[in-house]
Amino acid sequence: PLAEYEHLRRRIRTNTMEMWNFFSNEFGKLRSKLVGDKPELAEQIKNVLELGVEHKRSLINDQDRLRKVDGYEGWRHAESKDLSDLVQKRFNTMQNPKDCDSARKLVCKVSKGCGYGCQLHHLVYCMIVAYSTERTLVLKSKGWRYHRGGWEEIFQTVSDTCTDYDAVHAKMWPGSPDTLVVNLPIIDSLQPRPSFLPLAIPADIAPRLKRLHGDPIVWWVGQFFKFLLRPQHDTQEMLNNGLEKLGWKKPIVGVHVRRTDKIGTEASLHELREYMSHVEDYFRTLEASSNGTTVKVPRRVFLASDDFKVIEQARKQYPDYEILGDPEVAKTAGVSTRYTDGSLNGIIFDIHALSLCDFLVCTFSSQVCRVSYEIMQAMYPDASERFKSLDDIYYYGGQNPHNRRVVIEHKGKNANELTLKPGDLVGIAGNHWDGWSKGKCKRTGENGLFPLFKTIDDVTVVDLPTYSNS
Ligand code: GDP
């Protein structure tokens, strides 16, 4: 019953947002059609939308307050700590075998030909494979393009006792169960592709995770970051000093604006005002208290970007906002081919600060944005709702198919819409954030739009080692 209660509570919240996305977009379209010929009708619709958004904020605010008083908040915190402790203990066991010489190992080269966020995802993928095949992860990081001295000078070693391996007899993935040392290629060229790749979660903790968290895979990925990104002393100092210099204070919304080389190739341009409208909505939702006690919440944003001009623009255009962020750091964002030592501190800091925010507004097409969201999961029992992506839904590069299961019948009204029966699986490709998502119905093979609220996430669960003698 608790699992069902939690599931329903989260579903109501997500679908409140979906409903508002739907109505605001449909009415918005109507309004633009009427503005020329029927200005008074267009004006009426504008008024409906203005009150409508207040409705939405009030509903979301009440739901968030309900969560705090429903009697389960203590359990959520305890359960989340318990699960994290369990998983971190397993990581420690797999990384520190009693006899290193005879321990089976998985070798992962840190350098991948891409940016920092992308390389972090590469490392998590390596560690997921190591965990799933009960191998000790060994990192090869000397000459790392972000820091020649290697990963271990920036973050703590992934093992205290077992970092050497017999490179001469190493075999390429998959090897066999008794192969002592296996070299792992990047996820893009992994053959065969195992079932435990994201978005899968381990079966033995799946019921607990699904009960606790709105998007279990993001929690799972976040746990790997919690282990991998334990900073070395100097890195910790750098992070602390950076926060102090900025004048870090909560509440704060994190905004990441990815520009430069990404635009037109992997993402489209979103104007600053689009990000900021969601930031303002977040603060107004906080203020939409129904008990009349809420005072005005100070508007504070941490803004990170690879384009320093965005930070200067924000300060000019939003004088009522305190904009934390450093254009000089943005200038070090060596994108494309220039990922170097100089840019490393900047991106480590920006991701760290983004993950410490109460809420994130960014584009999930950027790995910087997704990494920040994943790391954030380790700081709350369930931070799955603490984001607004202006483009993609959450995904993990190289993931296995992401399916939704239909729970409410849908009869498509035109050729663009899918017709769905309860029980159908839909491979989801994206959310247009207007009430409609895009996907492919596995039963009919058709591609098209469907209302997200008629489906639930179909979480992939796989049997994995349980490290039970640890
Ligand atoms: P993606 O290209 O946005 O998906 O993410 P990647 O992390 O793979 O590559 C982008 C790279 O650009 C980052 O790793 C950084 O080096 C740089 N970059 C992008 N956005 C920022 C930012 O907000 N701050 C800083 N310091 N660097 C950034």
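So, here is what we can say about the structure in this document. (Residues numbered from 1 in each chain as written. Predicted model: local features only at pLDDT ≥ 70, side-chain atom pairs only at ≥ 80, totals over all residues. Heavy atoms only, no water.)

**A word on the pairing of strand E6 (residues 253–257)**
Spelled out, the test is: For the exposure calls, accessible area comes from a 1.4 Å probe over protein chains only, and a residue counts as buried if that area is under 20% of its type's maximum, exposed if over 50%, partly exposed in between. Secondary structure follows DSSP: runs of H or I at least 4 residues long count as helices, runs of E at least 2 residues long count as strands, and numbering of each begins at the N terminus. Pairing between strands is defined by DSSP: at least two bridges between them are needed. The definition of a right-handed crossover adopted here requires that, viewed with the strands pointing away, the path from the first strand over the helix to the second runs clockwise.
Along E6, five of the five residues are buried, which leaves the element largely enclosed by surrounding structure. Side chains Val253, Val255 and Val257 project from E6 onto one buried face, and the interleaved Gly254 and His256 project onto a second face that is buried too. In this sheet, strand E7 (residues 300–305) lies alongside E6 in parallel orientation, the contact comprising five bridges. Paired with Val253 across the strands is Val301, a residue of E7. For the segment spanning E6, helix H8 (residues 272–287) and E7, crossover handedness is right-handed. As defined by bridge partners, E6 adjoins strand E9 (residues 359–362) across three bridges and the pair is classed as parallel. Bridge pairing links Gly254 to Leu360 in E9.

**What to know about the site of the ligand**
Under the convention used in this document: If even one non-hydrogen atom of a residue comes within 4 Å of a molecule or strand, that residue is called near it. A 3.5 Å cut-off defines polar contacts: any pair of N or O atoms within that distance qualifies, except that in protein one atom must be a possible hydrogen donor and the other a possible acceptor, and neighbouring residues in sequence count only when both atoms are side-chain atoms. The classification used treats Ala, Val, Leu, Ile, Met, Phe, Trp, Tyr, Cys and Pro as nonpolar, Asp, Glu, Lys and Arg as charged, and all other residues, Gly among them, as polar.
What surrounds the ligand is a group of 22 residues, the closest being Gly117, Arg258, Lys262, Asp350 and Ser366. Between Tyr116 and the ligand, the recorded distance is 2.8 Å, taken from a backbone N or O atom to an oxygen atom. At 3.0 Å from an oxygen atom of the ligand is found a main-chain nitrogen or oxygen belonging to Ser305. Sorting the residues of the shell around the ligand by element identifies helix H4 (116–132), E7, helix H11 (341–355) and helix H12 (367–376) as the ones contributing at least two each. Split by residue class, the shell around the ligand holds 10 nonpolar, eight polar and four charged.

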